Each structure stands twice: as C-alpha cells, then as structure tokens.
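# Topology and contacts: notes
So you can see what is in the structure, the chains are spelled out below.
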Amino acid sequence: MNQAPLVALVGNPNAGKSALFNALTGARQKVGNYPGVTVERHAGRMALPDGRPVELLDLPGAYSLDPSSPDEQVTRDVLVGRQAGERLPDAIITVVDASNLDNHLRFTLQLIALGLPIIVALNMVDLAERDGLVLDPEALERELGVPVVPTVAVRKRGLETLKDRLGDVVRNVHTVRPGPGVQHDIVVLQRRARQIATAVTVSETAARRWTHRLDAIALHPVSGPVLLLGLMFVMFQAVFAWSEAPIGWIESLMAMLGGAIGDALPQGVLRSLLVDGVIAGVGAVVVFLPQILILFGFILVLEATGYMVRAAFLMDRVMASVGLSGRAFIPLLSSFACAVPGIMATRTISDEKDRLTTILIAPLMTCSARLPVYTIIIGALIPDRAILPGVGLQGLVLFALYVLGIIGAFVAALVLRRTVTKGATSGFMMEMPKYQMPRLRDVLLGLWQRAEIFLKRAGTIILLTTVVLWALLSFPKPPEGSGISKVDYSIAGRIGNGLQVLVAPIGFNRDIALALIPAMAAREVAVAAIGTVYAVDNPEDAAGEATIRENLRAHWTLPTALAFLMWFVFAPQCISTIAVTRRETNGWKWPAFMVSYLFVLAYVAAGITYWSAVALGL
Amino acid sequence: MTRSMNIAAAIPHPIRLAQLPRLKPGTVAGVDWHALSEPEGRRLRELGLDEGVEVEMLHHSGFLGRGPVACRIGRMTVALRRHVAAAIHVSPNP
Ligand SMILES: Nc1nc2c(ncn2[C@@H]2O[C@H](COP(=O)(O)OP(=O)(O)OP(=O)(O)O)[C@@H](O)[C@H]2O)c(=O)[nH]1
Ligand SMILES: [Mg+2]
C-alpha cells in the first residue's frame, strides 16, 4: 500500500511552525510567543492542491541537530529516522523567521545538508516588514538551491504557493539524493548564513523598535520586578473581581435547574440523586468556570505577547538561588493553569537534575483546579472587606495562598538540589522573542479549549465521583425516627468517621476526611463532595453554592478552614499529575517520592496552621 | 606621531561584554570559550555569537543588580548569565 508522504515541519524555536501546522491542517496545536511551546511531535493531515494527502508533523523547535534538551532530541530523532514507531520523513518544510535570517538560516543549511527533499517557508514576512526589512525571496532561493516561499502563518498568507511547491517536492519523493550528511561545524554554517542573509536583504531602514522600548521598562532592574509583581497581583484580583457577575448567572441557573427538577420529580431516590448528587455536586464545580477562564486568559495573553521570557529573565536570579534557572519559570508558571502541561514543558530544560527538580516542585504551583476549593472556603469564612481601595481581603488571602505555594516550591527546590537531585547547575541562556499583539482568535480558541476540558471533566470524572459519593452517603438509610444523622449512618459517613482519627490532629472534621479521597481524582471534587455531604444531610435546601457557604459557616471553624486551605497548598495533586510524572521520569521512583514528600509537607503545614490559629484564638 | 596616537584612540581596546555601556553597540572581538562549559559554548554559538557580530547591552542586571544581562546579538535579544557576558570580548563601535 502506498502511504501518504510524511512531511516534517522543522526550524528554530518560535519560528511559527505550529502556527503553520494549524493553518495547513486545521489543527489547534498550541501556539505561543516564546521558544519551547511545542515539546512533542504532533501529526496531522493536509491535502495538496491536486488532492493527494500528506501527513504533516509538527516538531519541537531546535537550534541544530545536536540536541541539548529532551524536546530537541525528539526533532533530531525524527529527522534521522531514529524515533520509535516513526518512519523517516519524505520531505521537510523548514520554517524560518524572515526578520532573523542571520540566525535561522544556519539550521536551514544544516537541514539542507541532510539530503531530504526540502522547502523553505520564509515565515513572519509581516514582522520583517514592520522592522523595515525588505528581502528578496528569489535571491534566497538561488543562494540556498531549494524552493523558498514567503508566508505569514497566522494570516494564512502564502499557503497556496507553499502547497503547490510542496506538491512538486514530494512528487519525486522516491528519488532522494543522498546529501553530504549532517554538518556539525556551527561556526562555518553561521558565517555562511550571515553571508546569505546579507545577500538577500534588499534594504533595511531604521526599525521602529517597539520591542526595545518596552524592554526598557520590562527588563529594568527596578521597574521590571515591580511590573511582574503588579501583573501577578492584578491577575489574582481579577480572578475574584471579574468573575462575580458570571458566577451569579451560573448559580441562578443551577438553582433554577435544581428547583425545576425538584418540583417535577416525586420525592425519592432519583430526585435525591439528581438534586443532591448531580446538581449540588457538579453544579458546585461548574460555577467556577468564569474564574478558571479568567486565570487562563491572563496566562494565554502573557504567553502570546512574548512577556514569558522577560518574566523568566527577571526570575533567573531568584531561581538560581535555589539551584534552578529562569528557564524553569515558564513550566512553573504554566503549572498555575495545570501541572500536567507544566511538567511536559520541562522538556525544554537541558540539565537532567534541573529538569527533575522542576518536575518535583511543579505540583506546588497552585493549579486552577484548586481555585474552586480556595474560593469557596475563602468566600465562606474570610470576611469580604476592602483593605485598600480595590484590594479586598478575600483576594489578598487567595494571593497569599498562591505565594505560599511558590515559597514552598522554592524551599523544596533548595532542599532537593542539596540532597536527592544534587548536581551541576545549568546555565540560563535564552532568546527573547519580539513582542506581539495577542491575537484575539488564538486567545479565544485557547479559552474555548480550556472550557471544553473543564466541562468535560465536570461531566465525567467529577460527575462520576460525585454520584458514587452520593450513593455511599445515602445508603444505608437510618431507621425512621431514630434521629441519627443520615450521613453518619451511611457507608461513606462511617468511612469518614474512621478516617477522621487520622486527620483530627490537624483539625479536620469528618466532612473534610470524606472530601480528601475523591479529591485525588480531581481537585475540584473536594468542593463537590462537601456540597453533596451537606445536601444529603439537609435535602430541603436549594442546591447551589450559597448553601455550601452557609453550611461551611455553620460547621467549620476558622482554624479548620485555614488548615484545610494549607493542606490544599501542599498536598499531592491529582492522579493525572502522578501519571505524567511517571511518564516523564520513566518509572515509579520519582512519582512515589513526590507523593510522599508532598503528603508529609501538607500534613505538617496543616497541623501547624491549625494549632497556631487555635492558639491565637481565631 | 600625534596622528597615529589619534588612530589608536579611535580603535578602542576590546572590553568584556559585561562592561559594555548600555545601548552602545560593539563588535565581538573574541570569546574565551574555555571559560564556558561545553553546553554553554554550544548554545552561545547557536544563538549566533561569533567574532564580528554586532552586540549591544540592553540591561545589565535583571534583578537587584545581580541577575543575568539582556543583550542584542545580531538581530536577536538574548538573556545571558553574567559569567557568560564576562567571557565575551567586545570592541566598542566608534
Ligand atoms: N506576525 C506573525 N506572527 C507569527 C507568524 N507565524 C507565527 N507567528 C507568531 O509567532 C509565535 C510563535 O509561533 P509558534 O507557531 O508557536 O512557533 P513554533 O515554531 O511552533 O515554536 P516552538 O513550538 O516553540 O518551537 C506565536 O506568537 C505566533 O502567533 C507570522 O507569520 N507572522
Ligand atoms: Mg510549536
């Protein structure tokens, strides 16, 4: 059988490979304005103008064929046919940044020397124009001896020509000419690249250097850190302030739904399942969609503008003091959204010990799934008052929890680097991309994908654990008129009462003990679980967050609430985090270590918090 | 005599990139490759650093005066640690 030709997208980091991949295949791979967005290979299908199918591969960016980190290794392995389960590509599209030919052509020259059929996508010609650079693509084609097509991946410009020329290139796929092989001398290639870049530059006017002007502020020793802290602070305040109205809408929707089902169904098991289980549980989680989207929105915008590497630059000094580098800041920041992509993103870290340390501390970054837990506890037990104009106490506590996670991560890194992950410190050397205006479409698409994932989780894993918990909480039923609490009499209640012995020393009550177990499946379930516990106990109440809030006020003390928050700052994350850690570290040793150290940390921190709060008379 | 001295004054001595004043472009005169680790040297070359390339210091210190430096190498802005910037010799452009 004749397979569709395999074509690989290869080039320097941040050249626009994934943007081109999306434009050509209609896929939605993540695009971002910093080097190291793509860390795995992704395959997609496209059709040539004559209808022939082509299998396209999006690869991690690399500077050369000598990989210095695990993501670059993927690219090299694919190109030399060493990737397990992958055939050698039939052709290469090398993507180069037109405004940085001096550098990007070096890798192109190395790729041409590989001898595979190749075509150059001269991408970002719009940025080159913005910088006052006029290039001659035909001259470049002559100099390189391979087809060159100017493109603007994000505006789908030049794609038809690219497909046409690609059609010509893959037509003669079976007459591969063996090339001179991999050229390793970077300096020779670099000089040749500069010569070519000069030869194909028609004119260059003084550029409007927006990037430099912005960097004068963003990288400044004083205004830089102030800006970074300010941005982080605004982000967390916004998560609270901007979400109020949409949360209200979702709450009323849930209450309406609960009311309607309650009225429509006769009193009984089905009604209890739907109203107390599904709506009280899943509803309590879905309410947080606006906050999660706001948080993701901020991170997506930071990634799209190019600010991420500036933040890494500012943080390098601090990271170095705990044995890491600024490079680790990017995976750690994306762990605020979710630790799973964060841990994947550590593939861009070259030093193995450095990378391992980053993986081990990533779960300490407060992921968005913990946000519902924090919010609901804070909303119930921390007074809603303004400390300064525009700065609320609740927002401040939330910010403090995030900061605590960060401090915990730094201390953990410091200790780990001196004990289990001892080793040479890796350096920090990173290219800073030009600033770009975030593209609304990309940001909205990213938010949409996130909302989809969140709702899918709510509809599957969260729903399932909630229903199971509801069943365990509802049966067996106490004898009529016995006066025993329904929850205490149920299977789950008995388990919870048993577990409480373990967690009572750190101030946790039965409801918390019950919530901790399903929270391992997904963090948000803690909220759903508590919602369900109270709903089963008081079926008369309307479902919704307001009820949980009132119940929390009635059943929890402030020290318990603070200890619970502290537990969630440090406790090991969900099953998916453990699974991805196993995959990225090739074994069970490190995930087992991670889970144990985080459990101990969480237990001790929650205990100290509880007893200090009690001693302070809170 | 006076004339030749003037020429000598016009071609400044190479200094280290770490000492290059901000926003005064210079040209790379050489690099102490042995002062850098092998991966550092390779990555530096991959970022386009080479003799004859124009460099410019954008920010001396990332954080409280002791962090990395941000500089322009050719057309790229690059973040480097200080000891790397100290290994690069630069002739300030006249
Ligand atoms: N102005 C402009 N921006 C582009 C173009 N192509 C890509 N971009 C932007 O450049 C940035 C990098 O694009 P990506 O597609 O993520 O780059 P990549 O080559 O896949 O990067 P890595 O996966 O990190 O190697 C993103 O912010 C894109 O929106 C283009 O032709 N013009
Ligand atoms: Mg990519």
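What you see is a predicted model; the values in this text were computed from it and never measured.

What counts and what doesn't
- Residues numbered from 1 in each chain as written.
- Chains lettered and ligands numbered in written order.
- Predicted model: local features only at pLDDT ≥ 70, side-chain atom pairs only at ≥ 80, totals over all residues.
- Heavy atoms only, no water.
- Helix = DSSP H or I, 4+ residues; strand = E, 2+ residues; numbered from the N terminus.
- Rg over C-alpha atoms; globule rule 2.2 N^0.38 Å.
- Buried < 20%, exposed > 50% of the residue type's maximum accessible area, 1.4 Å probe, protein only.
- Contact = heavy atoms within 4.5 Å.
- Lys, Arg positive; Asp, Glu negative; His and termini not counted.
- Charge placed at Lys NZ, Arg CZ, Asp CG, Glu CD.
- Expected span 1.5 Å × (residues − 1).
- Donors = N, O, S within 2.8 Å, 3.2 Å for Na, K, Ca; no water.
- Buried area = accessible area lost by both parts, 1.4 Å probe.
- Salt bridge = Lys/Arg side-chain N within 4 Å of Asp/Glu carboxyl O.
- Nonpolar A, V, L, I, M, F, W, Y, C, P; charged D, E, K, R; others polar.
- Pairing = 2+ DSSP bridges.
- Domains from an automatic or database assignment.
- Patch = residues over 30% accessible without salt bridge, like charges linked within 9 Å, V, L, I, M, F, W, Y side chains within 5 Å.
- Areas by Shrake-Rupley, 256 points an atom, 1.4 Å probe, with all protein chains shown as cover.
- Near = heavy atom within 4 Å.
- Polar contact = N/O pair within 3.5 Å; in protein donor to acceptor, adjacent residues only side chain to side chain.
- Right-handed = clockwise from strand over helix to strand, strands pointing away.
- Arc of directions from axis to C-beta.
- Axes fitted to C-alpha atoms, helices over the stretch in contact; angles between N-to-C directions.
- Parallel < 35°, antiparallel > 145°, perpendicular 65-115°, else oblique.
- Left-handed = near helix turned anticlockwise from the far one by under 90°.

## Digging into the overall build of chain A
The secondary structure content of chain A amounts to 27 helices and 11 strands. Taking 618 residues into account, the globule formula puts the C-alpha radius of gyration at 25 Å, and chain A, at 28 Å, falls close to it. Burial status across chain A gives 59% buried among its 618 residues. Within chain A, residue pairs in contact and separated by at least 24 positions form 74% of the contacts whose partners lie at least 6 positions apart. Of the side chains in chain A, 53 bear a positive and 48 a negative charge, and the two mean positions are spaced by 4 Å.

## Looking at helix H23 (residues 525-537) of chain A
With 13 residues, H23(A) extends 18 Å between its outermost C-alpha atoms, agreeing within 8% with the 18 Å of an ideal straight helix rising 1.5 Å per residue. Most of H23(A) is tucked away: 12 of the 13 residues are buried.

## Side note on the coordination of the magnesium ion (ligand 2)
Residue and element names in this part refer to chain A. The coordination sphere of the magnesium ion (ligand 2), as far as protein atoms go, consists of Ser18 (OG) and Thr38 (OG1), spread over 2.0 Å. A residue pair is termed long-range when its members are at least 10 positions apart, and Ser18 in helix H1 (residues 17-25) and Thr38 in the loop between H1 and strand E2 (42-47) qualify at 20 residues. Residue classification places Ser18 among the buried positions, given a relative accessible area of 8%. Judged by relative accessible area, which is 11%, Thr38 ranks as buried.

## Re the interface of chain B and chain A
Facing the 32 residues of chain B at the interface are 41 residues of chain A. The contact between chain B and chain A buries some 3300 Å² in all, and 55% of this surface belongs to carbon and sulfur atoms. When the buried surface of chain B facing chain A is broken down by residue, Glu46(B), Arg75(B) and Arg81(B) rank first, second and third, together holding 23% of it. For the interface between chain B and chain A, the tally reads 5 salt bridges. One salt bridge connects Asp316(A) with Arg81(B), and the closest N-O pair in it is separated by 2.8 Å. At the level of secondary structure, the elements contributing two or more residues to the side of chain B that touches chain A comprise helix H2 (38-46), strand E3 (54-59), strand E4 (69-73) and strand E5 (76-80) of chain B. Considering every element that reaches the side of chain B that touches chain A, the biggest residue donor is H2(B), with 6 residues. A breakdown of the residues in the side of chain B that touches chain A according to their chemical character gives 14 nonpolar, 6 polar and 12 charged. Taken together, the 4 bridges between strand E11 (residues 429-432) of chain A and E5(B) define a ladder with antiparallel strand orientation. Counterpart to Met430(A) in the pairing with E5(B) is Ala79(B).

## A few points about the domain arrangement of chain A
Accessible area lost upon the coming together of the parts serves often as the stated size of an interface. All names here are of chain A. Each assigned domain of chain A is listed with its residue range as follows: domain 1 (6-207) and domain 2 (208-261 + 280-361). Computed from C-alpha atoms alone, the centre-to-centre distance between domain 1 and domain 2 is 30 Å. Taken residue by residue, the interface counts 16 residues in domain 1 and 18 residues in domain 2. Two residues, Glu303 and Lys30, come together in a salt bridge whose shortest N-O distance is 2.9 Å.

## What about a nonpolar patch on the surface?
All names here are of chain A. On the surface, Val403, Ile407, Val411 and Val415 cluster together into a nonpolar patch covering about 300 Å² of accessible area. Within the secondary structure, Ile407 is located in helix H18 (residues 393-418). On the basis of relative accessibility, which here comes to 46%, the residue Ile407 falls in the partly exposed class.

## Observations concerning the site of ligand 1
All names here are of chain A. With respect to spatial proximity, 24 residues lie near ligand 1, and among them Lys17, Ser18, Ala19, Thr38 and Asp126 are the closest. Asn123 places a polar side-chain atom, nitrogen or oxygen, 3.1 Å from an oxygen atom of ligand 1. Considering ligand 1 on its own, with 650 Å² of exposed area, one finds that the protein chains cover 97% of that surface. Elements supplying a minimum of two residues to the shell around ligand 1: H1 and helix H4 (125-130). If one sorts the elements of the shell around ligand 1 by residue count, H1 sits on top with 3 residues. A class-by-class count of the residues in the shell around ligand 1 yields 12 nonpolar, 10 polar and 2 charged.

## Quick look at a positive patch on the surface
All names here are of chain A. Taken together, Arg28, Lys156, Arg439 and Arg441 make up a surface patch of like positive charges. Looking at where Arg439 falls in the secondary structure, it is placed in the loop between E11 and helix H19 (440-474). Judged by relative accessible area, which is 30%, Arg439 ranks as partly exposed.

## So, the pairing of strand E5 (residues 118-123) of chain A
Residue and element names in this part refer to chain A. The element E5 is largely enclosed, with a buried count of 6 among its 6 residues. Residues of E5 alternate between two faces, with Ile118, Val120 and Leu122 on one and Ile119, Ala121 and Asn123 on the opposite face, all of them buried. Bridge count between strand E4 (residues 91-97) and E5: 6 bridges; the pairing is parallel. By the bridge assignment for E5, Val95 is matched with Ala121. This β-α-β element, E4 to helix H3 (residues 101-114) to E5, shows right-handed connectivity. With 3 bridges connecting them, E5 and strand E7 (residues 148-150) associate as parallel partners. Bridge assignment links Leu122 to a residue of E7, and that residue is Pro150.

## Things to note about helix H6 (residues 159-171) of chain A
Residue and element names in this part refer to chain A. In a regular helix each residue adds 1.5 Å, so 13 residues correspond to 18 Å; H6 covers 18 Å between its end C-alpha atoms and thus fits that length. Listing the buried residues of H6 in full gives Leu159, Leu162, Lys163, Leu166, Gly167, Val169 and Val170. Across the axial projection of H6, the buried residues extend over an arc of 165 degrees, all falling on one side. On its buried face, H6 is in contact with strand E1 (6-11), H1, E2, E4, E5 and E7.

## Details of the sheet that holds E5(A)
All names here are of chain A. One open sheet accounts for 6 strands, arranged E2-E3-E1-E4-E5-E7; its pairing is mixed. Each having just a single partner strand, E2 and E7 make up the two edges of the open sheet. The average undirected angle you get between the axes of adjacent strands in this sheet is 25 degrees. Summarising the sheet, E2 and strand E3 (residues 53-58) pair through 6 bridges and their orientation is antiparallel. Residue Ala43 lies in a different strand from E3, and its bridge partner there is Leu57. Sheet strands touched by helix H5 (residues 137-144): E5 and E7. Its angle to E7, the strand with the most contacts, is close to 155 degrees.

## Some details on the side chain of Lys17(A)
Residue and element names in this part refer to chain A. With respect to the element layout, Lys17 can be found in helix H1. Buried within the structure, Lys17 lacks any salt-bridge partner; its nearest side chain of opposite charge belongs to Asp58, at an N-O separation of 6.2 Å. Polar contacts involving the side chain of Lys17 include one to the main-chain carbonyl oxygen of Asn12, which spans 2.7 Å. Beyond its immediate sequence surroundings of up to four residues, Lys17 is in contact with Leu9, Val10, Gly11, Asn12, Asp58, Leu59, Pro60, Gly61 and Val95.

## Focus: the packing of helix H16 (residues 352-361) of chain A against helix H27 (residues 589-615) of chain A
Residue and element names in this part refer to chain A. With their axes 10 Å apart at the nearest point, H16 and H27 run at an angle of 45 degrees to one another. By the angle class used here, H16 and H27 are oblique. In this structure, H16 meets H27 at a crossing whose hand is right-handed. Contacts between H16 and H27 involve Leu356, Ile359, Leu360 and Ile361 from the former and Trp590, Phe593, Met594 and Tyr597 from the latter.

## Section: the sheet that holds E4(B)
Backbone-to-backbone hydrogen bonds join strands into a sheet, with any given pair of strands oriented parallel or antiparallel. Sheet architecture is open: 7 strands sit in the order E11(A)-E5(B)-E4(B)-E3(B)-E2(B)-E6(B)-E1(B), paired in antiparallel fashion. Because the sheet does not close on itself, it has two edges, and the strands there are E11 of chain A together with strand E1 (15-16) of chain B. Strand direction decides the pairing type here: strand E2 (residues 26-31) of chain B and E3(B), joined by 2 bridges, are antiparallel. Residue pairing for E3(B): Gly26(B) is matched across the bridge by Val55(B). Together, E3, E4 and E5 of chain B form the strand contacts of helix H8 (residues 210-218) of chain A, whose direction differs from that of E3(B) by roughly 40 degrees.

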